[in-house]
Amino acid sequence: GASGTLGSYLVRELQCQGHEVVAIVHRKPVILPDVVSVAGDVTLPNFGWTARHPEIEAADAFINCAGIVSFNKQAREAQHLTNVLGPQYVAKFCTELDIPLYHISTVYIYHGDLEVYTNGVFHECPMNSHGPFRNYYEETKYTAEAVLRGYERGLQLTIIRPSILIGDSEVR
């Protein structure tokens, strides 16, 4: 997701803060000075790699921005692979490397739960309290969170739930 709307912003922001960035990219490389793009597929175990990637293995954190936001029913299989299965492979990878995973989800997994929103603050609630999903995207993000929360104990997990993202996803 490093070349998407949120990912491309994060790459630039991390660089501005002095971090080295190595991006796992599916289709479009990140074209910025000092960013290493490594081709990989989040929907495959070990990103589809047969060889080791020392630049990735040296990472001290993993931000998973990969996701398919679509409300088209024809995108369901791709959404499931990227939004549900992909985070499981990323979690396994992070656990093996003993690095934290920052997983990008969406605030819309709790769209109808009044008990999680009081006085302008969203509170964490049990993962089994969800309403009917308005679309498959919300359902895939909810399912991914449930799977990640149930993952084996070695996973250092932070889930980030932005709302609507608006911006230029062009990477310069």
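These numbers were taken from a predicted model, which means no experiment stands behind them.

Enquirer: Quick question: what am I supposed to make of the nonpolar core here?
Expert: Among soluble globular proteins, nonpolar side chains are generally buried collectively. Residues Phe47, Trp49, Phe62, Val90, Cys94 and Leu101 are the most contacted members of the largest nonpolar core, which totals 16 residues. Take this core: its biggest share by element is four residues, from helix 3 (residues 76-97). Beyond its immediate stretch of four places on either side in the chain, Trp49 contacts Ile24, Val38, Ala39, Gly40, Ile56 and Phe93. By size, the runner-up hydrophobic cluster in this structure holds eight residues, among which are Ala2, Val21, Val30 and Val35.

Enquirer: Would you mind going over the pattern of salt bridges with me for this structure?
Expert: Pairing is possible between side chains of opposite charge, provided their charged atoms come close. A complete count under the given rule lists five salt bridges for this structure. In this structure, Arg52 and Glu57 form a salt bridge, with 2.4 Å as the shortest nitrogen-oxygen distance. Relative accessible area serves as the criterion here: at 29%, Glu57 is assigned to the partly exposed category. Across the pair Lys92 and Glu96 runs a salt bridge, and its minimum N-O distance is 2.3 Å. On the criterion of helical spacing, the pair formed by Lys92 and Glu96 is a turn pair, its members being four residues apart in helix 3. Exposure remark for Lys92: the relative accessible area of 42% places this residue in the partly exposed category.

Enquirer: Teacher, can you tell me more about helix 3 here?
Expert: Note: α-helices contain 3.6 residues per turn, so residues at a spacing of three or four share the same orientation. With 22 residues, helix 3 should reach 32 Å at 1.5 Å per residue; the first-to-last C-alpha distance of 31 Å fits that figure. At Gly86, helix 3 is bent by approximately 40 degrees, the largest bend along its length, and proline Pro87 sits one to four residues beyond. Regarding helix 3, the residues found buried are Gln79, Thr82, Asn83, Val84, Gly86, Pro87, Val90, Ala91, Phe93, Cys94 and Thr95. In the core, the buried residues of helix 3 are packed alongside helix 2 (54-57), strand 3 (62-64), strand 4 (101-104) and helix 4 (136-149). One or two steps after helix 3, the chain reaches Asp98, where phi turns positive at roughly 55 degrees.

Enquirer: Whenever I open this one, unusual backbone geometry confuses me. Can you help?
Expert: In terms of backbone geometry, most residues other than glycine have negative phi values and most peptide bonds are trans. The residue Asn46 is not glycine, and still its phi comes out positive at about 55 degrees. Of note, Asn46 is situated in the loop between strand 2 (35-39) and helix 2. Look at Asn46 and you get partly exposed, because its relative accessible area is 38%. Of note, Asp98 is a non-glycine position whose phi angle comes to about 55 degrees, a positive value. In this structure, Asp98 sits in the loop between helix 3 and strand 4.

Enquirer: How should the pairing of strand 4 be read in this particular structure?
Expert: The sheet contact formed by strand 3 and strand 4 spans three bridges and is parallel. Pairing of Phe62 across the sheet is with Leu101, part of strand 4. Regarding the hand of the β-α-β motif, the stretch spanning strand 3, helix 3 and strand 4 is right-handed. Where strand 4 and strand 7 (residues 157-160) come together, four bridges link them in parallel fashion. Directly across from His103, in strand 7, lies its bridge partner Ile159.

Thresholds, definitions, all that
Residues numbered from 1 in each chain as written. Predicted model: local features only at pLDDT ≥ 70, side-chain atom pairs only at ≥ 80, totals over all residues. Heavy atoms only, no water. Core = buried A, V, L, I, M, F, W, Y, C linked by side-chain atoms within 4.5 Å. Buried < 20%, exposed > 50% of the residue type's maximum accessible area, 1.4 Å probe, protein only. Helix = DSSP H or I, 4+ residues; strand = E, 2+ residues; numbered from the N terminus. Contact = heavy atoms within 4.5 Å. Salt bridge = Lys/Arg side-chain N within 4 Å of Asp/Glu carboxyl O. Expected span 1.5 Å × (residues − 1). Bend = angle between axes of the 7 residues up to and from the residue. Pairing = 2+ DSSP bridges. Right-handed = clockwise from strand over helix to strand, strands pointing away.

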